[in-house]
Amino acid sequence: MAKNLRWRGILFAGTITAMAGFVDGVGFVHFGGYFLSFMSGNSTRSSAALMTGDFAGWALAMSLVGCFVGGVILATLLTLRLEKLRRPVAMYFSAVLLLAAAISGQALPQLTALLLAAAMGAVNVSYTRSGEVALGLTYMTGTLVKLGQALGGAIIGLATGSDRGGYRMLWARYALLWLMITIGSLGGVLAYLRLGLGSLWIVAAGMLAWASLALIQEQRASKGPDASPGPRNGSLTEIE
């Protein structure tokens, strides 16, 4: 989907990605190297913990994976019959989970971790096509693969003089998404060092604000003369 989004759509998605990076940065430091949005890392950690006899670590890693998937399931069910409001509803649900995690804070750290993982799973439902996630927001491996492919294509285009259209700069969109999650994780670590788990209030408020912006944009687009079930004129999913 990234290649079909206008730049403002990429920036909107990139901000969500930055918030995911923020959560991962906070969680990585506080929970000792476990991830809250990157489940491939937790899957590897679970195997390493199991083979070294760290059963508590294995249980935590697998619980985070389970809650991430659970967040995806719940968000999918909540948005099942929605068309125009799927994105803001999924984001609001993620924001509610982030708020619950911020409230639990130091008192219930294990619950906080599980709520954060569920929130990161839920927000990935924001960008779907034909019932499947079309743009991963909280994990960047696939984005980096596409970045490499786009850069390879750009190099071939420069060498052969072909592909003079806008796709030559397609790599920049994937690079921006990766950069946003990296900047977000840096911000999360810096905020945690100053505020501890209190920094979760920042990302919860950010997700609420961004979900409200998505709602406003979708409502404006639905009232436009060109409103349709697909990507709408003026919406954050508008195709170039």
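The structure displayed is predicted, hence computed values, not measured ones. (Residues numbered from 1 in each chain as written. Predicted model: local features only at pLDDT ≥ 70, side-chain atom pairs only at ≥ 80, totals over all residues. Heavy atoms only, no water.)

Next up on the list: the pattern of salt bridges. Side-chain pairs of opposite charge can arise whenever the charged atoms involved come near each other. Per the counting criterion, the structure on display carries one salt bridge. Between Glu218 and Arg87 there is a salt bridge, with the nearest N and O atoms lying 3.4 Å from each other. Here the residue Glu218 occupies a position in helix 8 (residues 200-222), and Arg87 occupies one in helix 4 (residues 86-104), the gap between them amounting to 131 residues. Here Glu218 matches Arg87 in class, with each residue buried. (Salt bridge = Lys/Arg side-chain N within 4 Å of Asp/Glu carboxyl O. Helix = DSSP H or I, 4+ residues; strand = E, 2+ residues; numbered from the N terminus. Buried < 20%, exposed > 50% of the residue type's maximum accessible area, 1.4 Å probe, protein only.)

For helix 5 (residues 109-123), built from 15 residues, the straight-helix expectation of 21 Å at 1.5 Å per residue is met to within 8% by its first-to-last C-alpha distance of 21 Å. Most of helix 5 is tucked away, with eleven of its 15 residues classed as buried. For helix 5, the set of buried residues is Thr112, Ala113, Leu115, Leu116, Ala117, Ala118, Ala119, Met120, Gly121, Ala122 and Val123. Where helix 5 is buried, its residues touch helix 1 (7-30), helix 3 (55-78), helix 4 and helix 8. (Expected span 1.5 Å × (residues − 1). Contact = heavy atoms within 4.5 Å.)

This paragraph deals with the environment of Met62. Looking at the secondary structure, you find Met62 in helix 3. Considered as a pair, Met62 and Ser43 are 19 residues apart in the sequence and their alpha carbons are 7.1 Å apart.

What follows concerns the nonpolar core. Counting 51 residues, the largest nonpolar core has Ile16, Met91, Leu98, Leu200 and Met207 as the members making the most contacts within it. Put simply, the parts of the chain that give this core at least two residues each are helix 1, helix 3, helix 4, helix 5, helix 7 (170-195) and helix 8. At nine residues, the largest contribution of residues to this core is made by helix 5. (Core = buried A, V, L, I, M, F, W, Y, C linked by side-chain atoms within 4.5 Å.)

Predicted confidence across the protein chain gives a mean pLDDT of 85, with 85% of residues reaching 70 or more. Here residues 229-235 scores under 50 on pLDDT; set against residues more than four positions off or in separate chains, the count is 19 contacts. (pLDDT = per-residue confidence, 0-100.)

What follows concerns the environment of Ile181. Examined against the element boundaries, Ile181 turns out to sit in helix 7. On the basis of relative accessibility, which here comes to 13%, the residue Ile181 falls in the buried class. Along the chain, Ile181 and Val23 lie 158 residues apart, while their C-alpha atoms are 9.9 Å from each other. Residues contacting Ile181, with those up to four places away along its chain left out, are Thr17, Ala18, Gly21, Leu137, Thr138 and Met140.

This brings us to the packing of helix 4 against helix 5. Two elements in contact, helix 4 and helix 5, have axes separated by 8 Å at closest approach and are oriented at 170 degrees. With respect to helix 5, the axis of helix 4 lies roughly antiparallel. For the pair helix 4 and helix 5, the contacting residues are Ala90, Met91, Phe93, Ser94, Leu97, Leu98, Ala100, Ala101 and Ser104 in the first and Leu111, Thr112, Leu115, Leu116, Ala118, Ala119, Met120, Ala122 and Val123 in the second. When the residues that make up the contact of helix 4 with helix 5 are grouped by side-chain class, the tally is 15 nonpolar, three polar and no charged. (Axes fitted to C-alpha atoms, helices over the stretch in contact; angles between N-to-C directions. Parallel < 35°, antiparallel > 145°, perpendicular 65-115°, else oblique. Nonpolar A, V, L, I, M, F, W, Y, C, P; charged D, E, K, R; others polar.)

Any aromatic ring pair is given by two values, namely how distant the centres are and how the planes are angled relative to each other. Under the defined criterion, the tally for this structure stands at three aromatic pairs. Ring geometry for Phe12 and Trp210: centres 5.1 Å apart, planes at 15 degrees, overall stacked. Placement of the pair is Phe12 in helix 1 and Trp210 in helix 8, with a sequence separation of 198 residues. The class of Phe12 is buried, set by a relative accessible area of 3%. Look at Phe35 and Phe38: their rings are 5.2 Å apart centre to centre, the planes differ by 90 degrees, and that puts the pair in the edge-to-face class. Using a relative accessible area of 26% as the deciding quantity, one classes Phe38 as partly exposed. Among the aromatic residues, ring-to-ring pairing joins Phe28, Phe35 and Phe38 into one connected group. In this arrangement the basic side chain of Arg87 is found over the ring face of Tyr127, its NZ or CZ atom lying 4.0 Å from the centre. (Phe/Tyr/Trp six-rings, centres within 6.5 Å; stacked < 30°, edge-to-face > 60°. Lys NZ or Arg CZ within 6 Å of the ring centre and 35° of its normal.)

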